[in-house]
Amino acid sequence: MKRIAVIIGVLFLVGCGQVNQGERALFSRWGIMEQKTYGPGLYFYEPFGTNMDTYNVQEQKQVEKGLTAATSDTQPVIVDVAVNYRIKDSSLHLLIGSDIGSEYVSKVLHPAILDSVKAGTAQFHLVNLIKEREKLRALVKADLAARMESKHLIVLDVQLTNIDVSKEFIHAVEQKQIAEHNVITATRNAESARALSIAGTKTVEPCWSSRTTGEVSSACSSTFGLIQLAISRARTR
């Protein structure tokens, strides 16, 4: 009975915690966090005044919708972004132990994504933004990764899921296309009218020949002229 009581007493005096794969743990003693990150395993600790907190260090996704930015020609665009990232597991204690703490998404990641998107779109004219979407994505990813390096977050991938432009710009582009089409149509119509006008002013030289001299006009050199000549001679017979 005494041994059982001792075992139960020991269990009450020892805390136990499991850290799984894809997790890391931090220990705090009397409110002061230990400057070390613990990997997967089973841990025993003194439960009075000691806390064990686990954090997910696997790949996570942060989706940001409706981010407002501008192009190099000051045209507004609205961008939806999906960012795949993870915490740098060996630096978990540096991230959580800083003034950022566990609110790293709202305090660091969200504003950094917005800044990176703005920096990227500012390098393109709006007319080139859509067709160079992959280049924009690469610029945003590189910029965001550089910003997060000192914050102990690793950017794995960035996807631009949607890019919207203002209705005013779309209307302006449509009107420009209509105007350009009208100019082309008017130019073609003017050229056609000019060609018809020139054709109408030309006179056709008749084909003739002299009975006495046998002289034939130059107009008879063509097939049409020869036909004219044959008809003329047939009538005079």
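The structure contained in this document is the topic of the report that follows. (Residues numbered from 1 in each chain as written. Predicted model: local features only at pLDDT ≥ 70, side-chain atom pairs only at ≥ 80, totals over all residues. Heavy atoms only, no water.)

### Some remarks on the overall build of the protein chain
Here is step 1: A tally of helices and strands in the protein chain yields 7 helices and 8 strands.
Here is step 2: Every one of the 237 residues in the protein chain was classed for burial, and the buried ones make up 29%.
Here is step 3: Sequence-distant contacts in the protein chain: of pairs separated by 6 or more residues, those separated by 24 or more amount to 62%.
Here is step 4: Accessible surface, the protein chain: about 15,600 Å² in total, of which carbon and sulfur atoms supply 56%. (Helix = DSSP H or I, 4+ residues; strand = E, 2+ residues; numbered from the N terminus. Buried < 20%, exposed > 50% of the residue type's maximum accessible area, 1.4 Å probe, protein only. Contact = heavy atoms within 4.5 Å. Areas by Shrake-Rupley, 256 points an atom, 1.4 Å probe, with all protein chains shown as cover.)

### A short note on the environment of Val 14
Here is step 1: Relative to the helices and strands, Val 14 resides in the loop between helix 1 (2–13) and strand 1 (15–19).
Here is step 2: By relative accessible area, which is 35% here, Val 14 ends up partly exposed.
Here is step 3: Residues Val 14 and Phe 44, spaced 30 residues apart in sequence, show a C-alpha to C-alpha distance of 6.4 Å.
Here is step 4: Apart from residues no more than four positions distant in its own chain, Val 14 is found in contact with Phe 44, Tyr 45 and Pro 47.

### Digging into the packing of helix 3 (residues 104–121) against helix 5 (residues 133–149)
Here is step 1: The interhelical angle for the contact between helix 3 and helix 5, taken along N-to-C directions, is 140 degrees, at an axis separation of 9 Å. Classed by the angle they form, the pair helix 3 and helix 5 counts as oblique. When you trace helix 3 past helix 5, the crossing you get is right-handed. Touching Val 108, Leu 109, Ala 112, Ile 113, Asp 115, Ser 116, Val 117, Gly 120 and Thr 121 of helix 3 are Leu 136, Val 140, Asp 143, Leu 144, Arg 147 and Met 148, all from helix 5.
Here is step 2: Among the residues making up the contact of helix 3 with helix 5, the classes are represented as 9 nonpolar, 3 polar and 3 charged. (Axes fitted to C-alpha atoms, helices over the stretch in contact; angles between N-to-C directions. Parallel < 35°, antiparallel > 145°, perpendicular 65-115°, else oblique. Left-handed = near helix turned anticlockwise from the far one by under 90°. Nonpolar A, V, L, I, M, F, W, Y, C, P; charged D, E, K, R; others polar.)

### Here we look at the environment of Leu 94
Here is step 1: On the secondary structure map, Leu 94 appears in helix 2 (residues 92–96).
Here is step 2: In this structure Leu 94 touches Gln 35 and His 152, once residues within four positions along its chain are discounted.

### Looking at the nonpolar core
The nonpolar side chains of a soluble globular protein tend to be buried, and buried together.
Here is step 1: Counting residues in hydrophobic clusters, the biggest one holds 33 residues, and the most contacted among them are Val 81, Ile 113, Val 117, Leu 144, Met 148 and Val 158.
Here is step 2: Listed by contribution, the elements that provide at least two residues to this core are strand 6 (60–70), strand 7 (76–87), helix 2, helix 3, helix 4 (126–129), helix 5 and strand 8 (153–165).
Here is step 3: For Met 148, the contacting residues outside a window of four places in its chain are Val 108, Leu 109, Ala 112, Leu 153 and Val 155.
Here is step 4: One finds Val 19, Ala 25, Phe 27 and Tyr 45 within the second-largest nonpolar core, a separate group that totals 7 residues. (Core = buried A, V, L, I, M, F, W, Y, C linked by side-chain atoms within 4.5 Å.)

### As for the pairing of strand 1
For a regular strand, side-chain orientation follows a simple rule: the groups alternate between the two sheet faces.
Here is step 1: Of the two faces of strand 1, the one holding Gly 15, Gly 17 and Val 19 is buried and the one holding Cys 16 and Gln 18 is not buried anywhere.
Here is step 2: In terms of strand pairing, strand 1 meets strand 4 (residues 41–45) through 5 bridges, oriented antiparallel. Opposite Cys 16, over in strand 4, you have Phe 44 as the bridge partner. (Pairing = 2+ DSSP bridges.)

### Examining the sheet that holds strand 7
Here is step 1: What the 3 strands build is an open sheet, ordered 6-7-8; its pairing is antiparallel. The open sheet is flanked by strand 6 and strand 8, the only strands paired with a single partner. Here the strands of the sheet are splayed against their neighbours by 20 degrees on average, with no regard to which way each runs.
Here is step 2: Relative to strand 6, helix 3 is tilted by about 45 degrees, and along the sheet it contacts strand 6, strand 7 and strand 8.

### A short note on the sheet that holds strand 2 (residues 23–29)
Paired through backbone hydrogen bonds, the strands of a sheet run either parallel or antiparallel to each other.
Here is step 1: Read from one edge to the other, the open sheet built from 3 strands follows the order 3-2-5, with strand pairing classed as antiparallel. The open sheet is flanked by strand 3 (32–33) and strand 5 (50–56), the only strands paired with a single partner.

That is the geometry; function is a separate question.
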